[in-house]
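Architecture at a glance
So the chains spell out like this:
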Amino acid sequence: MTQRAKTEVEGPEPDDGAANGSAAGAAPGAATEPAHRGLTTGEVAERVARGEVNDVPVRSSRSTTDIVRSNVFTRFNAIIGVLFVIILIVGPIQDGLFGFVIVANTGIGIIQELRAKKTLDSLAVIGESKPTVRRDGQAAEIPTSEVVLGDVIELGPGDKVIVDGEVLESDGLEIDESLLTGEADPVVKQPGEKVMSGSFVVAGGGAFTATKVGREAYAAQLAEEASRFTLVHSELRSGISQILKYVTWMMVPTAIGLILSHLFTLNMPGDEAVRRMVAGIVPMIPEGLVLLTSVAFAIGVIRLGRKKCLVQELPAIEGLARVDVVCLDKTGTLTEGGMDVSDLRPLGGTDEGHLKQVLGALGASDPRPNASLQAIIDAYPADDHWRSIDALPFSSARKYSGAALEGPDGDSATWLLGAPDVLLPSGDDALAEIDDLNAQGLRVLLLARAEQDLHDPSVADHVRPTALVVLEQRLRPDAMDTLRYFEEQGVQAKVISGDNAVSVGAVAGKLGMPGAESPVDARKLPADREEMGKVLEEGAVFGRVTPQQKRDMVGALQARGHNVAMTGDGVNDVLALKDADIGVSMGAGSEATKAVAQIVLLNNSFATLPSVVAEGRRVIGNITRVATLFLTKTVYSVLLAILVACCQIPYPYLPRHLTLLSTLTIGVPAFFLALAPNKERAKPHFVRRVMRYAVPSGLIVGLAAFATYLLARSHYTGPDALPAETSAATLTLFLSAMWVLAIIARPYTWWRVGLVLAMGLGFLIVLVVPWLQNFFDLKLVGTTMPWAAVGIAVTAAALLEVAWRVVGRRFPA
């Protein structure tokens with residue numbers, strides 16, 4: 001048995017029970033020749049030569065061409081590109097600086113996304129599924145892309161069917177086709193029946209022959225969709241798109257108004273009118289906002305990739321940051337996969353030596369033992385004098401498995417191994433002892449002898465308990481810190497497990513989880529979604545949860561307005577992972593869970609989740625901050641253009657002035673602020689939260705700049721008055737916009753203060769260095785008007801402070 005087969009079935013619920021299948025009639029531990037030897041090496045070579053290979057590329061990321069195209073060919077790059085060409089025609093070149101800024105920004109975006117692609121591709125190779133294929137009579141793991149038509153592929157619990165095929169062997173093989181049909185009940189497959197790629201095994205084992213591979217198989221579509229680097233829906237992106245759509249609508253009439261006003265009312269030369277029109281239009285475009293969002297996401301992928309966290313969909317980073325409830329599975333999440341047998345307690349005077357032999361035979365009959373059965377195998381080696389006649393695979397729904405065993409004396413008996421509270425009637429004397437053990441956080445399995453046939457539906461109704469197998473679970477050393485992190489961050493943790501509720505509560509209690517002292521048995525949960533949601537909000541630990549209940553619980557929490565993340569690694573978690581807002585799978589989990597999860601923890605460490613949450617909060621919180629900067633500029637640019645057109649006066653700025661201001665008050669600081677640490681919990685309504693600050697800030701800054709401009713027009717006279725008026729208005733606009741930056745940069749740290757001061761120093765250098773004065777056409781004339789501009793900017797700063805406090809109080813996020 002391969003290590004992969006071992007780890008993949010160590011899901012939570014399968015640990016409750018026993019054998020998941022058997023080699024019927026085989027002596028334990030004996031090597032048996034498979035009934036179907038699979039293709040020969042020569043046959044494989046022939047099929048490869050004919051192109052009958054499962055060669056559909058399962059991409060973990062977009063192609064390089066797609067990345068370049070998506071960054072270069074955007075609506076706003078097109079608009080700015082046209083304006084840049086216009087400026088190149090009418091000149092001078094310094095008024096076209098905004099074009100070079102866009103080129104630089106787009107280049108940065110492409111480089112960062114290519115780095116993210118490289119990270120994702122390398123992680124995808126680590127997490128790639130490798131089916132077990134028989135060739136020349138030998139089973140071996142091979143990459144999915146090397147499977148050929150006619151290959152014999154083995155299946156076990158948790159394995160995903162990677163290509164379409166026909167069942168050759170079935171040993172209690174149950175396949176869940178819910179991802180294809182929507183039907184949650186697993187289907188028992190017999191030899192000759194079809195299996196569809198995209199389905200997965202929930203119980204038993206078997207083998208099938210591949211009848212459709214490559215692009216003909218349904219997996220070609222499903223696998224690519226499951227692991228593609230996608231820019232799917234997210235509130236952040238949809239909110240930015242909504243804002244950009246409104247900006248586009250405003251640009252066209254504003255441009256027409258400005259050009260007509262300057263040409264026909266003010267009788268300006270054509271080239272000058274065009275420059276003033278471009279100056280009024282360019283700052284309306286928050287082009288860097290889209291870029292920074294992509295860069296922030298891409299850098300997030302790279303940072304998480306270093307921690308062996310595969311983000312299969314970019315917005316998953318954002319989604320997990322918005323989560324306020326995380327549903328955790330106990331096994332594999334709070335506890336490690338491995339277990340140890342700590343005690344064997346015979347019941348009814350049964351001989352302990354005989355019980356050990358039975359347990360050894362049960363373990364040896366399973367070719368793919370889960371964690372609990374592996375612990376039994378380690379504790380009780382198989383006796384060669386026992387053999388398995390028949391087997392009943394474990395099912396999460398029934399909570400037990402079994403086997404018909406023949407002993408050395410030739411007598412046969414049916415044995416069941418599973419959950420005591422399922423196999424024993426309520427009120428049984430043994431249950432009190434079991435509850436005491438569960439309360440200590442120990443896992444207890446019941447070994448019982450059945451009277452009915454193994455496949456009789458009532459086989460578990462009348463059993464004779466013979467022993468309690470006490471298992472000790474290994475707690476993850478980092479689980480306590482992770483639970484404490486979620487508690488500190490205001491994220492409710494819910495432990496949802498198929499194990500006994502008291503046992504789960506004891507484990508959670510050892511980890512210091514709030515609410516662990518009141519575990520809830522999921523069998524007593526109300527069926528009504530609203531009532532279930534209330535119980536779920538009040539409780540923290542839930543045991544004896546079936547796979548369908550996990551899905552219902554996720555839905556009930558979502559119906560009450562929660563953003564729910566679900567973690568899991570077993571096949572019984574797939575339905576809940578698929579329905580949750582964010583699905584998180586362990587790298588050692590089943591192929592099915594990794595296919596539907598948005599985030600895969602390749603290092604199998606639950607402790608990585610805080611890093612994902614923190615990364616998402618950094619991205620969302622910082623993009624919200626810098627979006628306010630960008631949209632403040634949009635608002636004051638629109639306001640200035642409207643006021644200028646209405647007053648029939650020249651637009652005060654040239655493109656070079658606004659390029660300088662945008663770079664110092666938005667572009668450079670926004671880049672640093674977007675990548676800074678940020679632990680603020682993500683909040684909904686992105687557009688509303690940004691605009692509630694951007695609108696009043698933009699209005700105040702725009703009115704202050706326009707007031708200075710009007711005052712300067714009355715103060716300066718002569719042919720060179722317009723440059724002097726522009727310089728005074730630029731000073732006010734810069735100082736006011738700098739105060740917006742100072743507010744956005746709070747709370748202050750040494751580097752934030754240094755960032756703001758550095759931007760102010762940059763503008764001061766432009767004002768005092770002669771060649772920079774000439775290049776940007778900025779020169780303050782006299783002392784009266786410059787100081788008046790400063791005074792107006794100080795007044796604007798005071799109004800900005802008042803506005804931010806009023807808005808924060810009257811329109812809380």
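Residues numbered from 1 in each chain as written. Predicted model: local features only at pLDDT ≥ 70, side-chain atom pairs only at ≥ 80, totals over all residues. Heavy atoms only, no water.

So, about the overall build of the protein chain. Within the protein chain, the secondary structure is distributed over 28 helices and 21 strands. Looking at the protein chain as a whole, 58% of its 813 residues are labelled buried. Summarising the internal contacts of the protein chain: among those between residues at least 6 apart in sequence, 75% fall at separations of at least 24. (Helix = DSSP H or I, 4+ residues; strand = E, 2+ residues; numbered from the N terminus. Buried < 20%, exposed > 50% of the residue type's maximum accessible area, 1.4 Å probe, protein only. Contact = heavy atoms within 4.5 Å.)

We now examine the packing of aromatic side chains. Tallying each qualifying case throughout the model produces 8 aromatic pairs. Relative to Phe-672, the ring of Phe-671 lies with its centre 6.1 Å away and its plane at 90°, an arrangement referred to as edge-to-face. Relative accessible area serves as the criterion here: at 45%, Phe-672 is assigned to the partly exposed category. Measuring from centroid to centroid gives 5.1 Å for Phe-775 and Phe-776, while their planes differ by 80°, and the two rings are edge-to-face. (Phe/Tyr/Trp six-rings, centres within 6.5 Å; stacked < 30°, edge-to-face > 60°.)

With that settled, consider the nonpolar core. One finds Leu-320, Ile-599, Ile-623, Val-626 and Phe-763 to be the most contacted residues of the largest nonpolar core, which totals 125 residues. Considering every element that reaches this core, the biggest residue donor is helix H22 (residues 609–647), with 17 residues. In this structure Ile-623 touches Leu-236, Ile-240, Leu-289, Leu-292, Thr-293, Ala-296 and Phe-686, once residues within four positions along its chain are discounted. (Core = buried A, V, L, I, M, F, W, Y, C linked by side-chain atoms within 4.5 Å.)

Between helix H23 (residues 655–674) and helix H25 (residues 721–744), whose axes approach to 9 Å, the crossing angle comes to 10°. In this view, H23 runs roughly parallel relative to H25, as classed from their interaxial angle. Along its contact with H23, which presents His-657, Leu-658, Leu-661, Leu-664, Thr-665, Pro-669 and Leu-673, the element H25 presents Thr-726, Thr-730, Leu-733, Phe-734, Ala-737, Met-738, Leu-741 and Ile-744. (Axes fitted to C-alpha atoms, helices over the stretch in contact; angles between N-to-C directions. Parallel < 35°, antiparallel > 145°, perpendicular 65-115°, else oblique.)

With that out of the way, let us pick up the confidence of the model for the protein chain. Should the pLDDT be low somewhere, the predicted coordinates at that spot are not to be read in detail. In this model, the protein chain carries an average pLDDT of 80, and 87% of its residues clear a pLDDT of 70 or more. Ranking the helices and strands of the protein chain by mean pLDDT puts helix H26 (residues 750–768) first, with 94, and helix H1 (residues 3–8) last, with 33. In this model, residues 1–32 is a region of pLDDT below 50 whose contacts with residues beyond four sequence positions or in other chains number 136 contacts. Long-range and interchain partners of residues 222–232, a stretch whose pLDDT sits below 50, account for 36 contacts in this model, where long-range means more than four residues apart. (pLDDT = per-residue confidence, 0-100.)

With the rule as written, the count across this model stands at 23 salt bridges. Here Glu-154 and Arg-134 are joined by a salt bridge, their closest N and O atoms 2.9 Å apart. Placement of Glu-154 in strand S3 (residues 152–155) and of Arg-134 in strand S1 (residues 132–135) is noted, with a sequence separation of 20 residues between them. Relative accessible area serves as the criterion here: at 6%, Arg-134 is assigned to the buried category. Here Arg-134 ties to Glu-169 by a salt bridge, and the two come within 2.7 Å at their closest N and O atoms. Remark: Glu-169 occurs in strand S4 (residues 164–176) and Arg-134 occurs in strand S1; sequence separation between them is 35 residues. Each member of the pair, Arg-134 as well as Glu-169, carries the same accessibility label: buried. Several salt bridges converge on common partners, so that one network encompasses Asp-421, Asp-521, Arg-523 and Arg-544. (Salt bridge = Lys/Arg side-chain N within 4 Å of Asp/Glu carboxyl O.)

Two orientations exist for strands paired in a sheet by backbone hydrogen bonds: parallel and antiparallel. Spatially, 8 strands are ordered S8-S21-S20-S19-S9-S16-S18-S17 in an open sheet, and the strand pairing comes out mixed. In the strand order of this sheet, the two ends are held by strand S8 (309–311) and strand S17 (520–521), each with one partner. The pairing of strand S9 (residues 325–328) with strand S19 (residues 564–568) spans 3 bridges and is classified as parallel. Looking across to S19, one finds that Val-325 is bridged to Val-564. (Pairing = 2+ DSSP bridges.)

Attention now moves to helix H17 (residues 501–510). Along H17, 7 of the 10 residues are buried, which leaves the element largely enclosed by surrounding structure. Where H17 is concerned, the buried positions are Ala-501, Ser-503, Val-504, Gly-505, Ala-506, Val-507 and Ala-508. Where H17 begins, one side-chain oxygen reaches toward the backbone nitrogen of Val-502, 2.8 Å away; that side chain belongs to Asn-500. (Polar contact = N/O pair within 3.5 Å; in protein donor to acceptor, adjacent residues only side chain to side chain.)

With respect to the helices and strands, the residue Val-807 is situated in helix H28 (residues 784–810). Given the relative accessible area of 8%, Val-807 is considered buried. For the pair Val-807 and Tyr-693, spaced 114 residues apart in sequence, the C-alpha to C-alpha distance is 7.0 Å.

A few words now on the environment of Pro-283. If you trace the backbone, Pro-283 turns up in the loop between helix H9 (270–281) and helix H10 (287–305). Overall, the relative accessible area of 2% leaves Pro-283 in the buried class. Sequence separation between Pro-283 and Leu-631 is 348 residues, and the spatial gap between their C-alpha atoms is 9.7 Å. Leave out the neighbours within four places in its chain, and Pro-283 touches Val-278, Lys-633, Thr-634, Ser-637 and Leu-658.

What follows is about the packing of helix H8 (residues 235–265) against H22. Each pair of packed helices can be summarised by the angle the axes make with each other and by the distance between the axes. Between H8 and H22, the shortest axis-to-axis distance is 10 Å and the interhelical angle comes to 20°. As judged from the angle between their axes, H8 and H22 are roughly parallel. Where H8 crosses over H22, the two elements pack in a sense that is left-handed. The residues of H22 that touch H8, namely those facing Leu-236, Ile-240, Ile-243, Val-247, Met-250, Thr-254, Leu-258, Ser-261 and His-262, are Val-619, Ile-623, Leu-631, Thr-634, Val-638, Ala-641, Val-644 and Ala-645. Looking at the contact of H8 with H22 residue by residue, the class counts come to 13 nonpolar, 4 polar and no charged. (Left-handed = near helix turned anticlockwise from the far one by under 90°. Nonpolar A, V, L, I, M, F, W, Y, C, P; charged D, E, K, R; others polar.)

Along a regular strand, successive side chains alternate from one face of the sheet to the other. Where S1 lies against strand S2 (residues 138–141), 4 bridges are found, and the strand directions are antiparallel. Bridge pairing in S2 places Thr-132 opposite Glu-141. Following S1, the chain reverses through 2 residues before pairing antiparallel with S2; Asp-136 in that reversal takes a positive phi of roughly 55°.

Looking now at a nonpolar patch on the surface. There is a patch of nonpolar side chains on the surface, built from Val-252, Ile-256, Leu-260 and Phe-264 and spanning about 410 Å² of accessible area. Along the chain, Phe-264 falls in helix H8. Its relative accessible area of 61% is what places Phe-264 among the exposed residues. (Patch = residues over 30% accessible without salt bridge, like charges linked within 9 Å, V, L, I, M, F, W, Y side chains within 5 Å. Areas by Shrake-Rupley, 256 points an atom, 1.4 Å probe, with all protein chains shown as cover.)

With an omega of -5°, the peptide bond running from Arg-746 to Pro-747 counts as cis. Mapping Pro-747 onto the fold places it in the loop between H25 and H26. Unusually for a residue other than glycine, Gln-648 sits at a positive phi of about 55°. Structurally, Gln-648 can be placed in the loop between H22 and H23. On the basis of relative accessibility, which here comes to 33%, the residue Gln-648 falls in the partly exposed class.

Right, let's talk about the environment of Gly-568 for a bit. Inspection of the secondary structure puts Gly-568 in strand S19. Given the relative accessible area of 2%, Gly-568 is considered buried. For the pair formed by Gly-568 and Lys-594, sequence separation is 26 residues and the distance between their alpha carbons is 9.4 Å. When near neighbours in sequence (up to four residues on either side) are disregarded, Gly-568 contacts Asp-329, Asp-573, Leu-577, Val-584, Ser-585 and Met-586.

Our focus in this paragraph is the side chain of Thr-209. Within the secondary structure layout, Thr-209 lies in strand S7 (residues 200–212). Here Thr-209 falls in the buried class, since its relative accessible area comes to 17%. Among the polar contacts made by the side chain of Thr-209, one reaches the main-chain carbonyl oxygen of Gly-150 at a distance of 3.4 Å. Beyond its immediate sequence surroundings of up to four residues, Thr-209 is in contact with Gly-150, Asp-151, Val-152, Asp-164, Gly-165, Glu-166 and Leu-168.

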